[in-house]
Amino acid sequence: MSSDESLSASHPTFPPDPAFTAQANGTAQMYADADADHEGFWAAQARERISWATDFDQTLDWSDAPFAKWYVGGELNAAYNCVDRHVEAGNGDRVAIHFEGEPGDTRTITYADLQREVSKAANALGALGVGKGDTVAIYLPMIPEAVVAMLACARIGAPHSVVFGGFSAEALNTRINDASCKIVITADGGYRRGAPSALKPAVDAALDHAETTVEKVVVVKRTGQDTPWNEGRDLWWSDLLDAASETHEAQPHDSEHPLFILYTSGTTGKPKGIFHTTGGYLTQCAYTNSVVHDVHPESDVYWCTADIGWVTGHSYIVYGPLANGATQVMYEGTPDTPHQGRWWEIIEKYKVTILYTAPTAVRTFMKWGHDIPAKFDMSSLRLLGSVGEPINPEAWLWYRKYIGGDRCPIVDTWWQTETGAIMISPLPGVTTLEPGSAQKPMPGISAEILDDEGHPFTEPEKVGYLVLTKPWPSMLRGIWGDPQRYKDTYWSRFGEKYYFAGDGAKYDADGNIWLLGRVDDVMNVSGHRLSTAEIESALVSHPKVAEAAVVGASDETTGQAVVAFVILRQEHIEEADEFGEGVDLVKELRNHVAKEIGPIAKPRTIMIVSELPKTRSGKIMRRLLKDVAEGREVGDVTTLADSTVMNAIKQGLGD
Ligand code: 6R9
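Residues numbered from 1 in each chain as written. Predicted model: local features only at pLDDT ≥ 70, side-chain atom pairs only at ≥ 80, totals over all residues. Heavy atoms only, no water.

Trainee: Let's hear about the side chain of threonine 110: which residues, and what values?
Mentor: For threonine 110, the location among the structural elements is in strand 5 (residues 106-110). The class of threonine 110 is buried, set by a relative accessible area of 16%. At 3.3 Å, the side chain of threonine 110 forms a polar contact with the backbone oxygen of glycine 92. Residues within four places of threonine 110 in sequence aside, it is in contact with Gly92, Asp93, Arg94, Val95 and Ala96. (Helix = DSSP H or I, 4+ residues; strand = E, 2+ residues; numbered from the N terminus. Buried < 20%, exposed > 50% of the residue type's maximum accessible area, 1.4 Å probe, protein only. Polar contact = N/O pair within 3.5 Å; in protein donor to acceptor, adjacent residues only side chain to side chain. Contact = heavy atoms within 4.5 Å.)

Pasting the structure below:
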């Protein structure tokens, strides 16, 4: 029996509610239009959704594949599209950002306010000598200045490189040097878990090299904490902006002008500087935010909980929603400060209608218990979204029931830093939702699943490799400074016709695509291919399990063996202790996986742990768990959100 026969069979599907369909931005017709004329479809999206200073004369130039040019000859300004044109259209009073600081301070920023702030910041950067083509590093907490700084760079045509505020000085240093940044924009600190947390010292440490290209460090005062100061190099953001004019004429840039660089980890140690350009990226962000999140700018209050340091923050806090003129919530802090209901309180307070978050957050809330969201009025919500990793059907169903009041459609959106925007997702109001599956390539996107030999197949339940078969507007234009690595990483595994995403995938009997995790997370046990995601999903479907991570550990007999790390739900932790370190429970869980997926998937070893190692973006670092499972010294832990987690796991296992 295959896993998803059991999963799909035992879970309901959710046809669209006609009332939702009646108002939805996405339509079934879009699939037909895009199929009939791929480039025509994308040309129409670009002209409908974006204001061009100069219209383009060629939609796609693929003659130098895999280096694409979209909207050739077109000129536009991304910041003008995200800000000024809304003010010009009479919507200057519309709230762009409801900012909620972690300590409870708030700011309401209208589009007119945003225009003033972005203009001042663009003038201030200009006064510091930042011009078109100069790169600017942004290392900020989740405060509105992060949005303002990004848009100011876009306005000037200075590509920004946002580095997540949780990254170390070392990581910041590598990124600043790789992109030869001229300026760093940072803050004294931000609020996290109820206390100010300093940022500026990491910048000082990162720049503590004689050969740095950085000329000035601009510092936003957020916490007011004591801040080390380098006279002559460091400047206060507020001093610069106070002295700057409120008006700034946005110049048009070429459609292919680089908009930003964003570093992401690859299979090797060196992070890849993924870069995106202007016209295609902005078009696809605006399109997907409209038809997938179903944003209606005049009535919705949208909230994407990502950090601005990740691609989700770029595409779905900054460029997509602002290009569409949406009203959104921005929250600085952690979900459990000062209490575990903080997010739900924010939803109640701002009457949030659309929530876009990650499965890891959903599973954390499951662990905390559904009685917490139940205390808040979340009847304003009308759509939920998920991104970042596969969402297992149990988490999907919990999300729908306890957050979405059993009425909100959920969109499970698959995409990557490299793809720039959502690629595979249901369209709310159109698609019958299948919990756990990202379902269908969006209108305008073509994906296939290939076998080991690179042949496409459509056979259900067979596991293969996800590839994208046609260029798309928001595709990465390369790896900054390393065109060869771009070709090698994405366009060589299956030849130059296919963009290889690095993810395993399969179809179900209805033709829905199920993402099965990175291919290195696909295991081979006795010649059977098993996905870590499937077994994790089976484990999490057990009522006593809160979260699970599965790795394939090498095994003499079976090639690989399934090793699972499991966090129990609060109320079962004592029970596990009572039963002599959970022996009975482990047996119960192994049998449960055998029942859900089949005996082949039964974990050889289940380790009950209290935490899992996660990156700062919430992805489980299976590589480290694999080290534990294979009895090796644990490898590099520098990208963990909490580097002490691995010690706790090893100690808990009596190592
Ligand atoms: C947007 C983002 C990309 C990788 C991607 C895949 C995983 C993202 C997913 C998903 C299953 C989803 N991923 N969304 N897997 N279902 N809905 O997360 O970008 O940080 O570059 O990660 O994340 O493995 O290849 P990024």
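Trainee: Explain the packing of aromatic side chains residue by residue, including any values.
Mentor: This structure, assessed with the given rule, holds 33 aromatic pairs. Relative to tryptophan 310, the ring of phenylalanine 164 lies with its centre 4.8 Å away and its plane at 35 degrees, an arrangement referred to as tilted. In this pair, phenylalanine 164 sits in the loop between strand 7 (160-162) and helix 8 (169-178) while tryptophan 310 sits in the loop between strand 16 (301-304) and helix 12 (311-323), placing the two residues 146 residues apart along the sequence. On the basis of relative accessibility, which here comes to 21%, the residue tryptophan 310 falls in the partly exposed class. In this arrangement the basic side chain of arginine 47 is found over the ring face of phenylalanine 56, its NZ or CZ atom lying 4.0 Å from the centre. In this structure, lysine 462 packs its charged tip against the face of phenylalanine 457, placed 4.5 Å from the ring centre. (Phe/Tyr/Trp six-rings, centres within 6.5 Å; stacked < 30°, edge-to-face > 60°. Lys NZ or Arg CZ within 6 Å of the ring centre and 35° of its normal.)

Trainee: Tell me what's going on with the site of the ligand, and back it up with residues and numbers.
Mentor: Looking at the ligand, there are 16 residues lining it, with Asp412, Thr413, Thr417, Asp503 and Arg518 nearest. A distance of 3.0 Å is found between a nitrogen atom of the ligand and a backbone nitrogen or oxygen belonging to glycine 388. Measuring from an oxygen atom of the ligand, one finds a side-chain N or O atom of lysine 619 at 3.2 Å. Surface burial for the ligand is 91%, taken as the share of its 530 Å² of free accessible area covered by protein chains. For the shell around the ligand, the secondary structure elements donating two or more residues are helix 12, strand 20 (410-413) and strand 25 (513-518). Across the shell around the ligand, the residue classes tally to 6 nonpolar, 5 polar and 5 charged. (Near = heavy atom within 4 Å. Areas by Shrake-Rupley, 256 points an atom, 1.4 Å probe, with all protein chains shown as cover. Nonpolar A, V, L, I, M, F, W, Y, C, P; charged D, E, K, R; others polar.)

Trainee: Mind laying out helix 7 (residues 144-156), listing which residues take part and the relevant values?
Mentor: The terminal C-alpha atoms of helix 7 lie 19 Å apart, and with 13 residues this matches the ideal 18 Å at 1.5 Å per residue to within 8%. Along helix 7, 13 of the 13 residues are buried, which leaves the element largely enclosed by surrounding structure. (Expected span 1.5 Å × (residues − 1).)

Trainee: Can you explain the UniProt feature "binding site: ATP" (unreviewed entry) in the protein chain? Please cite residues and give values.
Mentor: As recorded in UniProt, the feature "binding site: ATP" (unreviewed entry) lies at Gly388, Glu389, Pro390, Asp412, Thr413, Trp414, Trp415, Gln416, Thr417, Asp503, Arg518 and Arg529. Inspection of the secondary structure puts tryptophan 414 in the loop between strand 20 and strand 21 (447-450). In contact with tryptophan 414, not counting residues within four places along its chain, are Thr419, Ile422, Met423, Ile424, Ala438, Leu466, Ala501, Asp503 and Leu515. Locating threonine 417 in the fold gives a position in the loop between strand 20 and strand 21. Judged by relative accessible area, threonine 417 falls into the buried class, the value being 13%. Residue contacts for threonine 417: discarding those within four places in its chain leaves Leu262, Thr264, Ile274, His276 and Val311. (UniProt positions renumbered as here; feature names shortened; annotations may be inferred.)

Trainee: Break down the pairing of strand 8 (residues 183-187) for me, citing the residues and quoting the values.
Mentor: Most of strand 8 is tucked away: 5 of the 5 residues are buried. Every second residue of strand 8 is oriented toward a common face, with Ile183, Ile185 and Ala187 on one face and Val184 and Thr186 on the other, all of them buried. Pairing of strand 6 (residues 136-139) with strand 8 involves 4 bridges; the strand directions are parallel. In the sheet register, isoleucine 138 faces strand 8, and the bridge partner there is isoleucine 185. Pairing of strand 8 with strand 11 (residues 216-220), which is carried by 5 bridges, proceeds in the parallel orientation. (Pairing = 2+ DSSP bridges.)

Trainee: Hey, could you go over the sheet that holds strand 7 for me, with residue numbers and the actual values?
Mentor: Pairing within the open sheet is mixed, and its 8 strands lie in the order 12-11-8-6-7-14-15-23. Each edge of the sheet is formed by a strand with only one pairing partner; in this case those strands are strand 12 (234-236) and strand 23 (478-479). As paired elements, strand 6 and strand 7 share 3 bridges and run parallel to each other. Directly across from isoleucine 138, in strand 7, lies its bridge partner valine 162. Running at roughly 145 degrees to strand 14 (residues 258-264), helix 12 makes contact with strand 7 and strand 14 of the sheet. (Axes fitted to C-alpha atoms, helices over the stretch in contact; angles between N-to-C directions.)

Trainee: I'd love a proper account of the domain arrangement of the protein chain, names of residues and values included.
Mentor: Parsing the protein chain into structural domains produces domain 1 (446-519) and domain 2 (526-652). Look at where the C-alpha atoms of domain 1 and domain 2 centre, and you get two points 28 Å apart. Each partner contributes to the interface: domain 1 provides 6 residues, whereas domain 2 provides 5 residues. Between domain 1 and domain 2 the total buried area reaches about 430 Å² when both faces are included, carbon and sulfur atoms providing 43% of it. The interface formed by domain 1 and domain 2 contains 0 salt bridges. Taken together, domain 1 and domain 2 are joined by 0 residue pairs in polar contact (both at pLDDT 80 or more). Tallied by class, the residues present in the side of domain 1 that touches domain 2 amount to 3 nonpolar, 1 polar and 2 charged. (Domains from an automatic or database assignment. Buried area = accessible area lost by both parts, 1.4 Å probe. Salt bridge = Lys/Arg side-chain N within 4 Å of Asp/Glu carboxyl O.)

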